[in-house]
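Examining the three-dimensional arrangement
Next come the chains, spelled out residue by residue.
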Amino acid sequence: MITPIIFIFSLLLSSSHAAVQDFCVADLSLPESPAGYACKKPAAVTVTDFVFSGLGIAGNTSNIIKAAVTPAFATQFPGVNGLGISLARLDLAVGGVVPFHTHPGGSEVLLVVQGTLCAGFVSSANTVYIKTLKKGDIMVFPQGLLHFQINSGGSQALAFVSFSSATPGLQILDYVLFANNLPTEVIAATTFLDAAQIKKLKGALGGTG
Ligand SMILES: *[C@@H]1O[C@H](CO)[C@@H](O)[C@H](O)[C@H]1NC(C)=O
């Protein structure tokens, strides 16, 4: 008689150990790991951790790309940590562009709210998928693939993008190549561009060497 009772009791114990957490709000005081941020103590969590108010304001597009990305990733929006979702706002002035970039950590869905965008990505097979998007159109960009958005209309464009990750990451190809101290001869050897063009782009994007 005692054995089944112990057995049932041990099942209850093990299932309570296996119970999933409701959330894991990012503890930004600790470093980010590949699995995301550590969880803030539940007693310290408040509703403000689950609300982000920064996406109502247009980003500053007074820059070389004439565009601004305002992220609401786990670092800015601790409540999404561990949930596999996040958002960002995309503002593009006339002639603005988000140059070829990748989000290593997640796929993207883009919704055009205002204006006209020319957007595209290139697959691993080097096939190009490109489309002009109007207000209300959405487009997906599969995880890790290089993609871009250009304001191809005559007015300011606004889009919101969501990701299948709380920390999708953002790596912009032109910045990888021309906004750091990677030596010009290494860039020339790996891209087949000529040195004069590389130095010009380093000058425009703040790179050295
Ligand atoms: C936008 O950025 C530019 C360049 O950094 C700066 O001069 C300008 O003051 C900024 N505008 C606003 C409204 O913050």
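Every value quoted in this text rests on a predicted model; they were computed, and no experiment measured them.

1. Details of the side chain of Thr 184
Checked against the element boundaries, Thr 184 lands in helix α3 (residues 184-191). Judged by its relative accessible area of 4%, Thr 184 is buried. If near-sequence neighbours (up to four positions away) are discounted, Thr 184 is found in contact with Ala 195, Ile 198, Lys 199, Lys 202 and Gly 209.

2. Some details on the UniProt feature "binding site: Mn(2+)" (unreviewed entry) in the protein
When the UniProt feature table is mapped onto this chain numbering, "binding site: Mn(2+)" (unreviewed entry) sits at His 101, His 103, Glu 108 and His 147. Of the residues just listed, which span 47 residues, no C-alpha pair is farther apart than 11.9 Å, and they cluster in one region. Residue His 101 is classed as buried on the basis of its relative accessible area of 2%. When near neighbours in sequence (up to four residues on either side) are disregarded, His 101 contacts Glu 108, Leu 145, Leu 146, His 147, Phe 148, Gln 149, Leu 170, Gln 171, Ile 172 and Leu 173. A distance of 2.8 Å separates the side chain of His 101 from the backbone oxygen of Pro 99, its partner in a polar contact. With respect to the helices and strands, His 147 occurs in strand β8 (residues 147-151). Residue His 147 is classed as buried on the basis of its relative accessible area, which comes to 2%.

So, how was this worked out
Residues numbered from 1 in each chain as written. Predicted model: local features only at pLDDT ≥ 70, side-chain atom pairs only at ≥ 80, totals over all residues. Heavy atoms only, no water. Helix = DSSP H or I, 4+ residues; strand = E, 2+ residues; numbered from the N terminus. Buried < 20%, exposed > 50% of the residue type's maximum accessible area, 1.4 Å probe, protein only. Contact = heavy atoms within 4.5 Å. UniProt positions renumbered as here; feature names shortened; annotations may be inferred. Polar contact = N/O pair within 3.5 Å; in protein donor to acceptor, adjacent residues only side chain to side chain.

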